[in-house]
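Descriptive structure summary
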Amino acid sequence: LCLQVPELEKTTVRIRQPERVRGIIQSLREQGMAKLQVISDFDMTLSRFGCNGRRCPTSHNILDTSRVISKDGKKKLKDLLHYYYPIEIDPNRTPEEKCPLMVEWWTRAHELLVQQKIRKGDIAQIVRESEVMLRYGHRDFFDQLHKNNVPLFIFSAGVGDILEEIIRQANVFYSNVNVVSNYMDFDDNGVLTHFKGPLIHTYNKNNTVLQGTGYFHQLSTRTSIILLGDSMGDLTMADGVPSVENILKIGFLNDKVEERRGKYLESYDIVLESDETLDVVNGILRYILTE
């Protein structure tokens, strides 16, 4: 397979069952672009985890640390992060245990943000001033999918308004891109009043929050899936797809690599360790989409 997808030779790549992965990629290629859809997380999956030893912000971080948040607000949001983030990534707790705690975290964070009277008109500037970066190769990724009319579904527990602005500023918000995320609701004066439901957090990224959107049913012929994520919660993102024939799960293992490697290798077909690029994904797409 490395002959067809040389990117799989990268030292960041780990695969537990190479034969199985070869079979899936082969099937994806045989089914062709008309059957393919890509389902991806956003924060730390399409966006970068770090740069030059520093963490890059998530869509929530961009807002939490921006100039529109008061000093007191920033402190409270940071306290929430320090309390709940270790729970989110704790390999010894089940998703069922984590779920109510994640709801608690997101709800409290959203309430704090609402208190800040954020203005819709400030969002573009907030994103421009942030240190967010999309992964190397993002343009190639978005361009390939757009050119071949492959739907890209971004399923994010982040802040939809921020996330869309990041993609827009990168000039890759194409017509084939659909986003489901936590969106803000603004009043007639453009001031944030609340977040629209349903609440999406790390561990409910599945069919429960998609009911009523009918998104995957419009794509019922798209039975080949490439799923991209960076957490255990991302593994359920394709649960709403009516009849999956082939699914390739690619996981970005960004943090606590040694400690979490085993779990990731059990759950994802391909694991990319501390890899800030989309090289492997782009290589696989090129192979699948080339006639």
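Predicted model only: the values in this text are computed from it and were never measured.

Conventions adopted
- Residues numbered from 1 in each chain as written.
- Predicted model: local features only at pLDDT ≥ 70, side-chain atom pairs only at ≥ 80, totals over all residues.
- Heavy atoms only, no water.
- Pairing = 2+ DSSP bridges.
- Helix = DSSP H or I, 4+ residues; strand = E, 2+ residues; numbered from the N terminus.
- Contact = heavy atoms within 4.5 Å.
- Axes fitted to C-alpha atoms, helices over the stretch in contact; angles between N-to-C directions.
- Salt bridge = Lys/Arg side-chain N within 4 Å of Asp/Glu carboxyl O.
- Buried < 20%, exposed > 50% of the residue type's maximum accessible area, 1.4 Å probe, protein only.
- Phe/Tyr/Trp six-rings, centres within 6.5 Å; stacked < 30°, edge-to-face > 60°.
- Parallel < 35°, antiparallel > 145°, perpendicular 65-115°, else oblique.
- Left-handed = near helix turned anticlockwise from the far one by under 90°.
- Nonpolar A, V, L, I, M, F, W, Y, C, P; charged D, E, K, R; others polar.
- Expected span 1.5 Å × (residues − 1).

For the rest of this paragraph, the subject is the sheet that holds strand 2 (residues 36-40). Backbone hydrogen bonds hold the strands of a sheet together, and the pairing may be parallel or antiparallel. Spatial strand order, 1-11-10-9-2-5-6: 7 strands in an open sheet with mixed pairing. What marks the edges here is a single partner per strand, and that holds for strand 1 (13-14) and strand 6 (177-182). For strand 5 (residues 152-159) and strand 6, the ladder comprises 5 bridges, and the chain directions are parallel. Counterpart to Ile 154 in the pairing with strand 6 is Val 179. Contacts between helix 10 (residues 257-267) and the sheet are confined to strand 1, strand 10 (246-253) and strand 11 (270-273), with strand 10 contributing the most and set at about 175° to the helix.

Mapped onto the elements of the fold, Arg 135 is located in the loop between helix 5 (123-129) and helix 6 (138-147). Other than its neighbours up to four places away in sequence, Arg 135 contacts Met 44, Thr 45, Leu 46, Ser 47, Arg 48, Phe 252, Asn 254, Asp 275, Glu 276, Thr 277 and Leu 278.

Our focus in this paragraph is the pattern of salt bridges. The tally for this structure, following the rule as stated, stands at 21 salt bridges. Between Glu 276 and Arg 135 there is a salt bridge whose closest N-O contact spans 3.5 Å. One end of the pair, Glu 276, is in the loop between strand 11 and helix 11 (279-289); the other, Arg 135, is in the loop between helix 5 and helix 6, and 141 residues separate them in sequence. Residue classification places Glu 276 among the buried residues on the basis of a relative accessible area of 17%. Exposure remark for Arg 135: the relative accessible area of 0% places this residue in the buried category.

A separate point is the packing of aromatic side chains. Enumeration over the complete set of coordinates arrives at 9 aromatic pairs. Ring geometry for Tyr 84 against Trp 105: centres 5.8 Å apart, planes inclined by 10°, an arrangement best described as stacked. With Tyr 84 in helix 3 (residues 71-88) and Trp 105 in helix 4 (residues 95-115), this pair connects stretches of sequence that are 21 residues apart. One exposure class covers both Tyr 84 and Trp 105, and it is buried. With 5.4 Å between their ring centres and 85° between their planes, Phe 141 and Phe 142 make a pair best called edge-to-face.

Turning our eyes to something else, we now look at the pairing of strand 2. With 5 of 5 residues buried, strand 2 lies mostly within the body of the structure. Alternating residues of strand 2 divide into Leu 36, Val 38 and Ser 40 and Gln 37 and Ile 39, and every residue in both groups is buried. Direction of pairing for strand 2 relative to strand 9 (residues 224-229): parallel, over a ladder of 5 bridges. Bridged to Ser 40 within strand 9 is Leu 228. The pairing of strand 2 with strand 5 spans 3 bridges and is classified as parallel. If you follow Val 38 over to strand 5, its bridge partner there is Leu 152.

Orientation of helix 3 relative to helix 4, taken along the N-to-C sense of each, is 165°, at an axis distance of 10 Å. Here helix 3 lies roughly antiparallel to helix 4, going by the angle between them. As helix 3 runs across helix 4, the sense of the crossing is left-handed. Residues Lys 76, Leu 77, Leu 80, Leu 81, Tyr 84, Tyr 85, Ile 87 and Glu 88 of helix 3 lie in contact with helix 4, whose contacting residues are Lys 98, Leu 101, Met 102, Glu 104, Trp 105, Trp 106, Arg 108, Ala 109, Leu 112 and Leu 113. Within the contact of helix 3 with helix 4, the residues separate by chemical class into 13 nonpolar, no polar and 5 charged.

With 21 residues, helix 4 should reach 30 Å at 1.5 Å per residue; the first-to-last C-alpha distance of 30 Å fits that figure. Of the positions making up helix 4, those classed as buried are Lys 98, Leu 101, Met 102, Trp 105, Trp 106, Ala 109, His 110, Leu 112 and Leu 113. In this fold, the buried residues of helix 4 make contact with helix 2 (59-64), helix 3, strand 5, strand 6 and strand 8 (192-195). Phi turns positive one or two residues past the end of helix 4, at Lys 117, with a value near 50°.

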